[in-house]
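# Summary of structural features
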Amino acid sequence: MANQEERPELSLAGSVRGMRRLLLVHHTPSPALHAMFTAVVEGATDPELEGVTLVRRAALAATASDVLEADGYLLGTPANIGYMSGALKHFFDTIYYPCLDSTRDRPFGFYVHGNEGTEGAERAIASIAKALGWEQVAAPVVAMGKPDLAACKELGGVVAATVMS
Ligand SMILES: Cc1cc2nc3c(=O)[nH]c(=O)nc-3n(C[C@H](O)[C@H](O)[C@H](O)COP(=O)(O)O)c2cc1C
């Protein structure tokens, strides 16, 4: 099998040379969350942001390899029973130890949608990401009811631009 010296176009993060990879891990169970997801994708795939590939994964399908291969992260979830969704929590449970100390200092941002109170979900995501050593590079987009899609688009764009830099 070719090692990295023989394949110089591959970086340690698995990116093709010159291309950076942004991983969007999301739980999208409703139209409101789908609208937020779509707007974040739109921002992160702006044609002006050359050099970034966006990889999208439903939270229940995302793997530790997805996380290791990425240069930065976007996370999206509803607030459920005062916390992030079980699906996003399962994602963190799956990747935490395999990615601990291998993904430190990588940029991330997140969005949350709820109808009653999102503080627990926001706190939990920030806390786990901090334990992983990820750097939050944009304020979270938090929606109650109708989401601010321009803010979602900006979130995607800011995190993608940070991954590029
Ligand atoms: C089991 C369950 C628990 C929920 N818990 C919360 C909660 O703690 N806080 C909150 O703001 N919304 C809560 N919600 C509402 C969801 O966040 C909301 O359904 C989701 O963001 C999608 O919004 P939509 O149903 O208006 O499309 C809960 C929904 C379900 C199904």
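Thresholds applied
Residues numbered from 1 in each chain as written. Predicted model: local features only at pLDDT ≥ 70, side-chain atom pairs only at ≥ 80, totals over all residues. Helix = DSSP H or I, 4+ residues; strand = E, 2+ residues; numbered from the N terminus. Buried ≥ 20, exposed ≤ 12 C-beta atoms within 10 Å, placed from the backbone. Contact = placed C-beta atoms within 7 Å. Core = buried A, V, L, I, M, F, W, Y, C linked by C-beta atoms within 7 Å. Expected span 1.5 Å × (residues − 1). Arc of directions from axis to C-beta. Pairing = 2+ DSSP bridges. Right-handed = clockwise from strand over helix to strand, strands pointing away.

The name an unreviewed UniProt entry gives the protein is NADPH-dependent FMN reductase, with Labedaea rhizosphaerae as the organism.

This part takes up the overall build of the protein. Per the secondary structure count, the protein includes five helices and seven strands. Along the protein, helices and strands appear, N-terminal first, in the series β-α-β-α-β-β-α-β-α-β-β-α. Across the 165 residues in the protein, those meeting the buried criterion constitute 39%. A sequence separation of at least 24 residues applies to 81% of the contacts in the protein between residues at least 6 apart.

Once that is clear, we can look at the nonpolar core. Core analysis: the biggest nonpolar cluster contains 43 residues, and Leu 22, Val 40, Leu 74 and Val 159 have the highest contact counts within it. Beyond its immediate stretch of four places on either side in the chain, Val 159 contacts Leu 22, Ala 44, Gly 72, Leu 74, Pro 107, Phe 108, Gly 109, Val 137 and Ala 138.

Bringing helix H4 (residues 119–132) into the picture now. Since the α-helix advances by 3.6 residues per turn, residues separated by three or four positions end up pointing in the same direction. In this model, H4 (14 residues) spans 20 Å end to end at C-alpha, consistent with the 20 Å of a helix rising 1.5 Å per residue. All of the buried residues along H4 are Ala 121, Ile 125 and Leu 132. Each buried residue of H4 sits inside an arc of 30 degrees when the element is viewed along its axis, so together they form one side. Counted as exposed and oriented over 90 degrees from the buried face of H4: Glu 119, Ser 127, Lys 130 and Ala 131. The inward-facing, buried residues of H4 contact strand E3 (72–80), strand E4 (83–84), helix H3 (86–99) and strand E5 (107–114). Phi turns positive, to about 85 degrees, at Gly 133, one or two residues after H4.

Across the eight residues that make up E5, a large majority, eight, are buried. Here six bridges tie E3 to E5, and the two strands are oriented parallel to one another. Each residue of the ladder has a partner; that of Thr 77, found in E5, is Val 112. Note: E5 against strand E6 (residues 135–136), two bridges, orientation parallel. Counterpart to Phe 108 in the pairing with E6 is Gln 136. The β-α-β motif built from E5, the intervening H4 and the parallel element E6 has right-handed crossover chirality. As judged from the four bridges shared by E5 and strand E7 (residues 141–144), these two strands associate in the parallel manner. Directly across from His 113, in E7, lies its bridge partner Ala 143.

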